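Structure assessment
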Amino acid sequence: AVSPSAIDVDTILQPSPVPQLPLVADVSCTESLCCAITQDRDLMCWGYNDEGNLGAGHKGEVSAPVPVVGLKDVQQVAAESEHSCAIANGGQAWCWGEGHWGQLGDGTKPEASPTAVQVQTLTNVRSIATTDGNSCAVNGDGAVYCWGDGYFSDSSMESAKPVRIKGIEDVAQV
């Protein structure tokens, strides 16, 4: 065991560059993984990947950033330890990672998807967010849509496709 007095806290808490990561425009991290949008609008992730959580097309932990397969012109990323989502390819919503609650939004409930799948029926997406088992997005009309384990609605009903949340209008960001 290491004595607490032997740990140099100043060194541990110092920010350091991520090797092999180009200039970054935005970043989203959890306790187990990070995703960064590069200045070229590509998306790169690294960290925990047991269920394909990085969207790189394979499973297994990755210490260096790898590109998320199939996404270009990324506007926003929302990382969550089990699954992540992004707005890319002209305002479309995409999700990857664990999907057993339907939180990937493609109409299925796979155990996991190591590649990004397009969220059904949503276009012109301007904001996206993820939580454990759920995903939500705002479209260009300011309407909020959520999908996943159901804790986003009064009915607590699971949905593998986006469900419009009634009574919430003119939203800019989730």
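See the structure above.
My aim in this report is to walk through the structure given alongside it, one point at a time. (Residues numbered from 1 in each chain as written. Predicted model: local features only at pLDDT ≥ 70, side-chain atom pairs only at ≥ 80, totals over all residues. Heavy atoms only, no water.)

**Overview of the state of the cysteines**
Spelled out, the test is: Disulfides are defined as cysteine sulfur pairs within 2.5 Å. Helix numbers and strand numbers start at the N terminus; a helix is a DSSP run of H or I with at least 4 residues, a strand a run of E with at least 2. Throughout, exposure labels follow a simple rule: accessible area from a 1.4 Å probe, protein chains only, divided by the maximum for the residue type, with under 20% read as buried, over 50% as exposed, and the rest as partly exposed.
Considering all chains together, one arrives at 4 disulfides under this definition. What pairs with C85 in a disulfide is C95, and their sulfur atoms sit 2.1 Å apart. Looking along the S-S bond of the C85-C95 disulfide, the torsion reads about 105 degrees, which is the right-handed sense. In this pair, C85 is assigned in strand 6 (residues 83–88) and C95 in strand 7 (residues 92–98), connecting sequence segments 10 residues apart. Since its relative accessible area comes to 0%, C95 is described here as buried.

**As for the nonpolar core**
We apply this condition: What makes a nonpolar core is a set of buried Ala, Val, Leu, Ile, Met, Phe, Trp, Tyr and Cys residues whose side-chain atoms join them at distances within 4.5 Å. Whether two residues touch is decided by their heavy atoms; if any such pair falls within 4.5 Å, the residues are in contact.
Residues C35, L43, L71 and W96 are the most contacted members of the largest nonpolar core, which totals 19 residues. Among the secondary structure elements, those contributing two or more residues to this core are strand 2 (33–38), strand 3 (43–47), strand 4 (62–67), strand 6 and strand 7. Broken down by element, the residue count for this core peaks at 3 residues, all from strand 2. Those residues in contact with L71 that lie beyond four places of it in its chain are D42, L43, A86, A88, N89, W94, W96 and A116. Of all hydrophobic cores here, the second largest spans 15 residues; its members include V117, I128, A137 and W147.

**Re the environment of D149**
Going by this rule: As used in this structure description, the phrase polar contact means that two N or O atoms lie within 3.5 Å; if the pair is within protein, one of them must be able to donate a hydrogen and the other to accept it, and residues adjacent in sequence are counted only when both atoms belong to side chains.
On the secondary structure map, D149 appears in the loop between strand 11 (144–148) and strand 12 (159–164). On the accessibility criterion, D149 (10% relative accessible area) is buried. Sequence separation of D149 and G99 is 50 residues, and the distance between their C-alpha atoms is 9.8 Å. A polar side-chain atom of D149 sits 2.9 Å from a polar atom in the side chain of N134.

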